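Close look at the chain arrangement
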Amino acid sequence: MGATLAELCIVACAETFRTRREIVATGIGPIPRIGAGLAKLTHSPGLMMTDGEAFLVEQPVPLGAAGGERPAPAGYLPFSRFFDSAVWTGRRHAMVTPTQIDRFGQTNLSALGGTHAQPKVQMLGARGFPGNGIYHPNSMFIPAHSPRVFVAGEVDRVSSPGYNPARRVPGGNYRGIDLRRIVTDLCVMDFGGPDRAIRVISLHPGVTFAQVQDATGFELIDAVESETPLPGEEQLALIERLDPRGFRARVFKDNPPAERGAS
């Protein structure tokens, strides 16, 4: 039981990126980024990665790597070329952390409460969420599972689309919407419920479905078949290689996952 909650979530995020395709994996934030790197180094070697700036790399860049520690670039990839070669074509899988998510996967990164003209809390704005949400696969990482994130009803502002049947316009083309998984500090979820609603597919050690439901603003579907796997020794060694300065420990209180249900 030497693995931490952060490391368990990294392995769950890596599983989300599992693929046989040659696509760009973009993990936004420490846990998703390490997870994408772990996927590249284990079960999905065909994943392509960037250095987070303007280059493709053959090997994942460790978090906090200085100039001499960064792998040599494999090719120049400015934003315009990245958009044309990966985003538009569906050859990218991003893992993001929105502020709000509703039952059908609509997300909010824009504003909370108030009106459109005068919100109660102004955040980042929609950023790339609208386009990313209709062009390529997306998953999500939520470090603090709560009803403030998983909201009742709809999100306050729709920054990226989901599967809400009430929002479907007759004749509209929604084939590009491809939501995969949500990894939180309590569980792993997907969109395999009726009308593509969110369901729980695994619980982290020490967590019950009732705890997850209490931390969620809408009714969840219980499709739990297993406990979220703990990392093995090889995975832990690779995680250390990808995060030698220990940034992952700052995401949660660094307690073992078996204690999470009682923490």
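The shown structure was predicted, so the numbers you read here are calculated from the model rather than taken from an experiment.

Regarding the pairing of strand S5 (residues 92-96)
- Burial analysis of S5 places 5 of its 5 residues in the buried class, which makes it a mostly covered element.
- Side chains of S5 alternate between two faces, with Arg-92, Ala-94 and Val-96 and His-93 and Met-95 buried alike.
- Across 4 bridges, the pairing between strand S1 (residues 24-27) and S5 is parallel. When the bridges of S5 are listed, Thr-26 appears paired with Ala-94.
- Summarising the sheet, S5 and strand S10 (residues 138-142) pair through 3 bridges and their orientation is parallel. In the sheet register, Ala-94 faces S10, and the bridge partner there is Asn-138.

A short note on the nonpolar core
- With 33 residues, the main nonpolar core has Cys-9, Phe-17, Ile-31, Leu-38, Phe-141 and Val-183 as its most contacted residues.
- At the level of elements, helix H1 (5-16), helix H2 (30-41) and helix H6 (233-242) are the ones that each hand at least two residues to this core.
- Among the elements that take part in this core, H1 stands out by supplying 9 residues, more than any other.
- For Cys-9, the contacting residues outside a window of four places in its chain are Ile-31, Phe-141, Val-183, Thr-184, Asp-185, His-204 and Phe-252.
- Within the second largest apolar cluster, 27 residues are counted, among which are Ala-94, Ile-142, Ile-182 and Val-207.

A look at the environment of Asp-190
- With respect to the helices and strands, Asp-190 occurs in strand S12 (residues 187-190).
- Judged by its relative accessible area of 13%, Asp-190 falls in the buried class.
- Separated by 51 residues in sequence, Asp-190 and Ser-139 place their C-alpha atoms 9.0 Å apart.
- In this structure Asp-190 touches Arg-180, Arg-181, Ala-197, Ile-198, Arg-199 and Ile-201, once residues within four positions along its chain are discounted.
- One polar contact links the side chain of Asp-190 to the main-chain amide nitrogen of Gly-192, over a distance of 3.1 Å.
- Within the local environment of Asp-190, its side chain forms a polar contact with the side chain of Arg-199, the two groups lying 2.7 Å apart.

Quick notes on the rules
- Residues numbered from 1 in each chain as written.
- Predicted model: local features only at pLDDT ≥ 70, side-chain atom pairs only at ≥ 80, totals over all residues.
- Heavy atoms only, no water.
- Buried < 20%, exposed > 50% of the residue type's maximum accessible area, 1.4 Å probe, protein only.
- Helix = DSSP H or I, 4+ residues; strand = E, 2+ residues; numbered from the N terminus.
- Pairing = 2+ DSSP bridges.
- Core = buried A, V, L, I, M, F, W, Y, C linked by side-chain atoms within 4.5 Å.
- Contact = heavy atoms within 4.5 Å.
- Polar contact = N/O pair within 3.5 Å; in protein donor to acceptor, adjacent residues only side chain to side chain.

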